[in-house]
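Letter by letter, the chains look like this.
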Amino acid sequence: MENVAPKGLLLVNETSDEVSAVPLMLSTMKRLSQQSFDIVAILNFSSKKRIQERFTKVGLSSVTTLKLPNIDQISAFFSEIPSKLAHLQKPVLYLENLNVYLSILGVDPTIRLLNLLAAQFPIYTVIKGENLKELTENRLNFVANAVLKLRTEKKSTKNLCETTLSKKDGAVKSYLEEYTIDPQTFTIDSKKYSPEKIDYTEPSVPETSSQLPKTTFDMGLNLREDEAEAKKSTKLPFLNAQNEKGLVNLNINTGKKVRAGGQIIYTPDRDDDLDDSDPDDDLMI
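Here we summarise the structure given alongside this text. (Residues numbered from 1 in each chain as written. Predicted model: local features only at pLDDT ≥ 70, side-chain atom pairs only at ≥ 80, totals over all residues. Heavy atoms only, no water.)

Quick look at the overall build of the protein chain now. For the protein chain, the helix and strand inventory stands at eight helices and nine strands. For the protein chain, buried positions account for 32% of its 285 residues. Sequence-distant contacts, at least 24 apart, represent 60% of the contacts inside the protein chain between residues at least 6 apart. Looking at the protein chain as shown, the accessible area adds up to about 20300 Å², and 52% of this sits on carbon and sulfur atoms. (Helix = DSSP H or I, 4+ residues; strand = E, 2+ residues; numbered from the N terminus. Buried < 20%, exposed > 50% of the residue type's maximum accessible area, 1.4 Å probe, protein only. Contact = heavy atoms within 4.5 Å. Areas by Shrake-Rupley, 256 points an atom, 1.4 Å probe, with all protein chains shown as cover.)

Sheet architecture is open: nine strands sit in the order β3-β2-β4-β5-β1-β6-β7-β8-β9, paired in mixed fashion. This sheet does not close on itself; its edge strands, each paired only once, are β3 (64-67) and β9 (188-192). When strand polarity is set aside, the average angle formed by the axes of neighbouring strands in this sheet is 25°. Taken together, the five bridges between strand β2 (residues 38-43) and strand β4 (residues 91-95) define a ladder with parallel strand orientation. What sits directly across from I39, in β4, is V92. (Pairing = 2+ DSSP bridges. Axes fitted to C-alpha atoms, helices over the stretch in contact; angles between N-to-C directions.)

Turning our attention to the environment of L105. With respect to the helices, strands and loops of the structure, L105 is situated in helix α4 (residues 98-105). In this structure, the C-alpha to C-alpha distance between L105 and I71, residues 34 residues apart in sequence, is 9.4 Å. In contact with L105, not counting residues within four places along its chain, are I74, T110 and L113.

Glancing now at the nonpolar core. M25, M29, F55 and L150 are the most contacted members of the largest nonpolar core, which has 30 residues in total. Residue assignment for this core shows that the elements contributing at least two residues are β1 (9-14), α1 (22-34), β2, α2 (48-57), β4, β5 (123-128) and β6 (146-152). Residues within four places of M25 in sequence aside, it is in contact with V12, Y94, Y124 and V126. Counting residues in hydrophobic clusters, the runner-up holds 29 residues, among them I42, F78, L85 and L113. (Core = buried A, V, L, I, M, F, W, Y, C linked by side-chain atoms within 4.5 Å.)

Under the definition given, this model contains four salt bridges. The shortest N-O distance in the salt bridge between K128 and E14 comes to 2.7 Å. In this pair, K128 is assigned in strand β5 and E14 in strand β1, connecting sequence segments 114 residues apart. Given the relative accessible area of 30%, K128 is considered partly exposed. For the salt bridge of K149 with E137, the shortest nitrogen-to-oxygen distance reads 3.9 Å. Placement of K149 in strand β6 and of E137 in helix α6 (residues 134-143) is noted, with a sequence separation of 12 residues between them. For K149, a relative accessible area of 29% puts it in the partly exposed group. (Salt bridge = Lys/Arg side-chain N within 4 Å of Asp/Glu carboxyl O.)

On to the pairing of β2. It is a general feature of regular strands that their side chains alternate between the two faces of the sheet. Most of β2 is tucked away: five of the six residues are buried. As defined by bridge partners, β2 adjoins β3 across four bridges and the pair is classed as parallel. Directly across from V40, in β3, lies its bridge partner T64. Regarding the hand of the β-α-β motif, the stretch spanning β2, α2 and β3 is right-handed. (Right-handed = clockwise from strand over helix to strand, strands pointing away.)

With that settled, the discussion passes to the side chain of E178. With respect to the helices and strands, the residue E178 is situated in strand β8 (residues 172-181). No salt bridge is formed by the buried E178; its nearest oppositely charged neighbour, K158, is found at 4.0 Å. Ignoring anything within four residues of it in the chain, the contact list for E178 reads K158, N159, L160, D189, S190, K191 and Y193. (Lys, Arg positive; Asp, Glu negative; His and termini not counted.)

What follows is the structure, encoded as structure tokens:
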């Protein structure tokens, strides 16, 4: 997940209430700050003080915060963001809880606003996938440069991230990682995750051969010496036809091709009508 380039729209999807994207987002913002990016937090209804405390906890003190003044001014607020960030060299936007804008504006207006901003700045935003319709989630995934789906493994409670990268040529690359975040330094440690294989042992089937009734004929199995000799010396009638020329195209015994041909043998009968008259005259066709 650290290989995801800060470019365009990047969605972090909380697939359930059991997983939180906050530690990952704080760690990511800290890493980007170390790469000389200017962190900009765009808030909707969260307290500015609480957000500042979160960033201060990971060692980020110089964070620009822009707070939505009113629900009715969302479009105007987003259109003014580029001018408000003109003094920054490398701004990267952290947009909290995209579900709020989806519920107020709808899918299409929200996507239009995201595309306008993503064309100028990298945008990291969090969505709660569990509360979205599948069609809405798919449309957001389509316009995003990268999607990080966070979930926990039920048995081991490991933190898993499924990253999907979309390229300009339409190619899509996905990989699954297990990650941990150090609570002191907020550094991310990730590695490729492979689900544990479950050993499956096929249930044993009780032997029933001893329960089968005995018969006088063993279907050719366990033949006596005289029975086996009699079987070998038996000439089957269809084998003779394979050696007759003109009947088959391939001699099975020798593997060589033989000349195949045929003729019509007609023996006239005394009742045959061999003159040139039409035999169907009486049908009045």
